[in-house]
Amino acid sequence: AKDAGQLNAVRGAYLDLVAAKVKVLSFFAYISRGFIAAVRHAAGDIPPVVVDLLRDCPAELASARKELLVAVRHILSTEVRQAFVPFLGSLLDERLLLGDSFSASVFRPLAYSLLADLVHHVRLELPPKHIFAVIALYCRLLADPTVPLGVQTMSAKLLLNLVDPIVGDRVERPLRKVLLQKILTALLAKVHALGMMVGDGGGSAADPNSTAVSPYYSYYQGDPEDAQLPSLLAVCNVDTIMTESWR
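Only a predicted model underlies this, so the values are computations on that prediction, with no experimental measurement involved.

Undergrad: I keep staring at the pattern of salt bridges and nothing clicks. Help me out?
TA: For side chains of opposite charge, pairing can occur when their charged atoms come near one another. Scanning all chains against the criterion turns up nine salt bridges. With a closest N to O distance of 3.3 Å, Lys23 and Glu67 form a salt bridge. A residue pair is termed long-range when its members are at least 10 positions apart, and Lys23 in helix H1 (residues 2–34) and Glu67 in helix H4 (residues 62–76) qualify at 44 residues. Of the residues examined, Lys23 reaches a relative accessible area of 51% and is grouped as exposed. Among the residues examined, Glu67 registers a relative accessible area of 25% and is labelled partly exposed.

This is the structure we're talking about:
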């Protein structure tokens, strides 16, 4: 019983420490918005602190994680966001970003939107591996019927904005076609899913509360490296379109 009490005390102290660190970061976010010149020298120290807090924040501190995400979103609205570019690979890890608490779904829109804001502002500086990872994530979110409509709309806008870095000098020409094809496939699959939701237009409309899922959603559930392009490509002649436009 004594050992259990000591463990509970240590656990409680750890939770208080993590919550206090989040409060400090929130204060930094407040300062950075109005007095960026005063904190510019510490910009490079913030991203590793954020990643560590996301990793260390336990499941029972869901409210602290939400506060942390809000603080990070405020920080990313300043020029400090440039320091986050080397850490984008870590932030794209959904388990790190959302944690493993049961209430993680509550702040999924906040997490995905702040990540989209970061990608949008630094998209021209992203290496190909990060562009591929972003496309894989937001293609899946676009097809995921369990996320809010606002997140799906945001995903579509972000995918379209990624065309600029894809056709830039950072991405080799053979890879450009692959990435653009993935974006086009995701958009066509979303149109197909919307068609399933509203009916075929010739008969009775589908139930607006239906949870019907496009069969192409499963395509984004697996490893994008190993997955085969869905048959929608053949139906819409996506490969032919890409080949003709690539000449």
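Undergrad: Whenever I open this one, the packing of helix H7 (residues 108–122) against helix H8 (residues 128–143) confuses me. Can you help?
TA: One way to put it is that H7 packs onto H8 with a least axis distance of 12 Å and a crossing angle of 140 degrees. Classified by the angle their axes make, H7 and H8 are oblique. Both H7 and H8 take part in a crossing whose hand is left-handed. The segment H7 lies against H8, with Arg108, Tyr112, Leu115, Ala116 and Val119 engaging Val134, Leu137, Tyr138 and Leu141.

Undergrad: Explanation requested: H7 in the structure shown.
TA: Residues spaced three or four apart along an α-helix face the same direction, because each turn holds 3.6 residues. The first and last C-alpha atoms of H7 sit 21 Å apart over 15 residues, in line with the 21 Å expected at 1.5 Å per residue. With eleven of its 15 residues buried, H7 lies for the most part within the structure. Every buried residue of H7 is listed here: Arg108, Leu110, Ala111, Tyr112, Ser113, Leu114, Leu115, Ala116, Leu118, Val119 and Val122. Structurally, H7 contributes buried residues whose contacts are with H4, helix H5 (88–91), helix H6 (94–98), H8 and helix H9 (149–161).

Undergrad: Where do I start with the packing of H8 against helix H11 (residues 173–198) in this structure?
TA: Helix-helix packing is characterised by the crossing angle of the two axes and by the distance between the axes. Between H8 and H11, the shortest axis-to-axis distance is 10 Å and the interhelical angle comes to 10 degrees. When the interaxial angle is binned, H8 and H11 end up roughly parallel. On the side of H8, the interface is formed by Pro128, Ile131, Phe132, Ile135, Cys139 and Leu142, while H11 contributes Leu175, Leu179, Lys182, Ile183, Ala186, Leu187 and Lys190. Taken together, the residues of the contact of H8 with H11 break down into eleven nonpolar, no polar and two charged.

Undergrad: Is there a simple way to think about the environment of Ser77 in this case?
TA: For Ser77, the location among the structural elements is in the loop between H4 and H5. For the pair formed by Ser77 and Arg33, sequence separation is 44 residues and the distance between their alpha carbons is 7.9 Å. Engagement of the side chain of Ser77 in a polar contact is seen with the backbone oxygen of His74, the distance being 2.5 Å.

Undergrad: For this particular structure, what's the right way to read a nonpolar patch on the surface?
TA: Taken together, the side chains of Leu194, Met197 and Val198 make up a nonpolar region of the molecular surface, amounting to roughly 260 Å² of accessible area. Summarising the element assignment, Leu194 is placed in helix H11. For Leu194, a relative accessible area of 42% puts it in the partly exposed group.

Undergrad: How should H11 be read in this particular structure?
TA: With 26 residues, H11 should reach 38 Å at 1.5 Å per residue; the first-to-last C-alpha distance of 38 Å fits that figure. Regarding H11, the residues found buried are Arg176, Leu179, Leu180, Gln181, Lys182, Ile183, Thr185, Ala186, Ala189, Lys190 and Ala193.

Undergrad: Could you clarify how one ought to interpret the side chain of Ser113 in this entry?
TA: Tracing the backbone through its elements, the reader meets Ser113 in helix H7. Among the residues examined, Ser113 registers a relative accessible area of 10% and is labelled buried. Looking at Ser113, its side chain comes within polar contact range of the side chain of Arg73, at 3.3 Å. Discounting chain neighbours no more than four positions away, the residues touching Ser113 are Arg73 and Met154.

Cut-offs applied
All residue numbers here refer to positions counted from 1 along the written sequence of the relevant chain. Per-residue local features of the predicted model are confined to residues with pLDDT of at least 70, and side-chain atom pairs are confined, for both listing and counting, to 80 or more; whole-chain, interface and lining totals are unaffected and use all residues. Only hydrogens and water are set aside; all other atoms, that is, all heavy atoms of the structure, feed into the side-chain values. Every case where a carboxyl oxygen of Asp or Glu lies within 4 Å of a side-chain nitrogen of Lys or Arg is listed as a salt bridge. In this text, helices come from DSSP runs of H or I with a minimum length of four residues, and strands from runs of E with a minimum of two, each type numbered from the N-terminal end. In this scheme, a residue with accessible area under 20% of its type's maximum is buried, one over 50% is exposed, and one in between is partly exposed, where area comes from a 1.4 Å probe on protein chains only. Fitting a line to C-alpha atoms yields each axis, with helices limited to the stretch in contact; the angle taken between N-to-C directions then spans 0 to 180 degrees. Oblique is the label for every angle not falling under 35 degrees (roughly parallel), over 145 degrees (roughly antiparallel), or within 65 to 115 degrees (roughly perpendicular). Handedness of each helix crossing follows the sense of rotation of the near helix against the far helix: counterclockwise by less than a right angle gives left-handed, clockwise gives right-handed. Working rule for contacts: check all heavy atoms of both residues, and any pair within 4.5 Å makes them a contact. By this rule the span expected of a helix is its residue count minus one, scaled by 1.5 Å. Each residue gets one of three labels, nonpolar for Ala, Val, Leu, Ile, Met, Phe, Trp, Tyr, Cys and Pro, charged for Asp, Glu, Lys and Arg, and polar for the others, Gly among them. Polar contacts, as counted here, are pairs of nitrogen or oxygen atoms within 3.5 Å of one another; within protein the pair requires one atom able to donate a hydrogen and one able to accept it, and residues that are adjacent in sequence qualify only if both atoms are side-chain atoms. Residues forming no salt bridge and having over 30% relative accessible area are the ones grouped into patches, like charges within 9 Å of each other and nonpolar side chains (Val, Leu, Ile, Met, Phe, Trp, Tyr) within 5 Å. The Shrake-Rupley method, run with a 1.4 Å probe sphere, supplies the accessible areas, and residue values consider only the shown protein chains as cover.

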